[in-house]
Amino acid sequence: MEIGYSLWHNKVITLSVLHCNDQCSFLETDNWIYLGKVATAAHLSQAQCVAKPNAVLALLAALGLSGAAVVAKDPRLLCAKVDKTLAPVVAGLTGLGLSSPEIGQLVSLARTRFRCRPVVSRLQYYLPLFGSFDNLLRLLKRESNLLSIDLDKVVKPNVVFLRECGLGDCDIAKLSIRVPRMLITNPERVRAMVARAETLGVPRCSGMLREALQAVAFLSEEKIAAKVDYLKNTFRWSDAEACVAVRKYPSVLRKSKESLKRRSEFLVSEVGLEPVSIAHQPVVLSLSLEGRLRPRYYVIKFLKENGLLHRDPSFFTAVKITEKVFVEKLISPHKEAAPHLAEDYATACKGEAPTNFIFRWTRNRL
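Peer 1: Quick rundown of the overall build of the protein? Include the residues and the values.
Peer 2: Secondary structure summary: the protein contains 19 helices and 2 strands in total. Evaluated residue by residue, the protein yields a buried proportion of 44% over its 366 residues. For the protein, the proportion of contacts with a sequence separation of at least 24, taken over those separated by at least 6, is 67%.

Peer 1: Tell me about the nonpolar core, residues and numbers included.
Peer 2: Residues Leu93, Phe114, Phe130, Leu146, Leu162, Met182 and Leu213 are the most contacted members of the largest nonpolar core, which totals 58 residues. The element that contributes the greatest number of residues to this core is helix H6 (residues 118-130), accounting for 7 residues. In contact with Leu162, other than residues within four places in its own chain, are Leu167, Ile172, Leu175, Met182, Leu183, Val190 and Leu213. In terms of nonpolar packing, the next biggest core, distinct from the first, is built from 33 residues, Leu200, Ile224, Leu273 and Val284 among them.

Peer 1: Mind laying out the packing of helix H5 (residues 100-110) against helix H7 (residues 133-140), listing which residues take part and the relevant values?
Peer 2: One way to put it is that H5 packs onto H7 with a least axis distance of 11 Å and a crossing angle of 15°. Taken as axis vectors, H5 and H7 run roughly parallel relative to one another. For the pair H5 and H7, the sense of crossing is left-handed. Across the interface between the two elements, Glu102, Gln105, Leu106 and Leu109 from H5 touch Phe133, Leu137 and Leu140 from H7. Classifying every residue of the contact of H5 with H7 gives 5 nonpolar, 1 polar and 1 charged.

Peer 1: Summarise the layout of surface pockets; cite the residues concerned and give the values.
Peer 2: What the largest pocket holds in volume is close to 270 Å³. Lining the largest pocket, in full, are Leu308, Leu309, His310, Arg311, Pro313, Thr317, Ala318, Ile321, Lys329, Leu330, Pro333 and His334. Elements represented by at least two residues in the lining of the largest pocket include exactly helix H17 (315-320) and helix H18 (323-331). Class assignment for the residues of the lining of the largest pocket results in 7 nonpolar, 3 polar and 2 charged.

Peer 1: Give a description of H5 that names residues and reports values.
Peer 2: Of all the positions in H5, only Ile103, Gly104, Leu106, Val107 and Ala110 are classed as buried. The buried residues of H5 all sit within an arc of 160° when viewed along its axis, so they share a single face. Arg111 sits one or two positions beyond H5 and adopts a positive phi of about 55°.

Peer 1: Before we move on, could you go through the packing of aromatic side chains and cite the residues and values that matter?
Peer 2: Scanning all chains against the criterion turns up 8 aromatic pairs. Taking the centre distance of 4.8 Å and the plane angle of 20° together, the rings of Phe235 and Trp237 count as stacked. Look at Phe315 and Phe316: their rings are 6.0 Å apart centre to centre, the planes differ by 75°, and that puts the pair in the edge-to-face class. Take Phe315: its relative accessible area is 10%, and that puts it in the buried class. Each residue in the set Phe266, Tyr297, Tyr298, Phe315 and Phe316 is aromatic and connected to the rest through ring pairs, giving one cluster. Between the NZ or CZ atom of Arg181 and the centre of the ring of Phe218, over which it lies, the distance is 3.9 Å. Stacked on the ring of Phe326, the Lys or Arg Arg296 has its end atom at 4.5 Å from the ring centre.

Peer 1: Tell me what's going on with the side chain of Glu241, and back it up with residues and numbers.
Peer 2: Tracing the sequence through the fold places Glu241 in helix H13 (residues 239-248). No salt bridge is formed by the buried Glu241, whose closest oppositely charged neighbour, Lys232, lies at an N-O distance of 10.0 Å. In contact with Glu241, other than residues within four places in its own chain, are Arg236, Val276 and Ala279.

Peer 1: Give me the side chain of Gln214: which residues, what numbers.
Peer 2: Looking at the secondary structure, you find Gln214 in helix H11 (residues 209-216). Gln214 sits in the buried class, given a relative accessible area of 10%. Beyond its immediate stretch of four places on either side in the chain, Gln214 contacts Lys174, Leu175, Arg178, Val179 and Arg254.

Cut-offs applied
- Residues numbered from 1 in each chain as written.
- Predicted model: local features only at pLDDT ≥ 70, side-chain atom pairs only at ≥ 80, totals over all residues.
- Heavy atoms only, no water.
- Helix = DSSP H or I, 4+ residues; strand = E, 2+ residues; numbered from the N terminus.
- Buried < 20%, exposed > 50% of the residue type's maximum accessible area, 1.4 Å probe, protein only.
- Contact = heavy atoms within 4.5 Å.
- Core = buried A, V, L, I, M, F, W, Y, C linked by side-chain atoms within 4.5 Å.
- Axes fitted to C-alpha atoms, helices over the stretch in contact; angles between N-to-C directions.
- Parallel < 35°, antiparallel > 145°, perpendicular 65-115°, else oblique.
- Left-handed = near helix turned anticlockwise from the far one by under 90°.
- Nonpolar A, V, L, I, M, F, W, Y, C, P; charged D, E, K, R; others polar.
- 1 Å grid on protein atoms, 1.4 Å probe; cavity = no way out; pocket = protein on both sides within 12 Å on 5 of 7 lines; lining within 4 Å.
- Points joined across faces, edges and corners; volume = space filled by probe spheres on them.
- Arc of directions from axis to C-beta.
- Phe/Tyr/Trp six-rings, centres within 6.5 Å; stacked < 30°, edge-to-face > 60°.
- Lys NZ or Arg CZ within 6 Å of the ring centre and 35° of its normal.
- Lys, Arg positive; Asp, Glu negative; His and termini not counted.
- Salt bridge = Lys/Arg side-chain N within 4 Å of Asp/Glu carboxyl O.

Quick look at the structure:
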């Protein structure tokens, strides 16, 4: 076996294992395994015994994986002992109910952590917590360190504390997927996050706690205060009104300044809503401006101006009801009087209509 590598400014650029004789059958003659800058010739010098790489690649193939692709991410995997390290891990994961394709996905994400037996015990803890392998996989794609962090000193204390705060395992799973570092963060920092949520008026055991933690996670008190000040200035809210809005809809803190500014201009300046009304119905700020708020407002405005509304609906009700109900109550009843209404509304919902969109009117149909 020949180990070849190229140097550039004393850094290893690529390293390849070349087929030199019939015994080195674990790679095709013209195949190269790219190992990256972190690879060194020493990594594969331990793999002088052809049987070991052969066994590793056979195991990867059985899991439906490309040996070259996996080894490129973890060069030392070729040096791992299949019988004493990899096979027991695969057997343990199979015992937890994982299929070969699922184990293959885990190998690709876990990289070096897959060569450690504790990965089985960690999966044994995480699978029930997250409810399914798919949920766990979503988190691992964003934070693979979950498989290496200390369970007893970090993860379990955080989970216990969040449960004490009223979050169920389903809530914890959703929170972790949205905030990948939550479970692997120092427990004291997690406690500080809950304390910041409480200062915003969201107490422990509140149904809004998960959303509040998503909003304040890893934000300093100064940044949170600055975001609240921007809300007050943009929507002309008092301190009390801003507190009400944040308590009812904590995710408003994650909205961009531009998004908030555009919503304020539309809701206050164009629709004419009172700032205090928005503060008490802040969920309206979560709805798409172009895909829902504007189109529905223009439908109501059109129906009012043309005397087609027998009862003036609340703007908040009109934008919060489902699409099906909105169409059934405010579009379909006017097919004869306003034959273009459904078409114009559908076009506006796609954002294809300009801001000052005016629905077409066929007066001879009245």
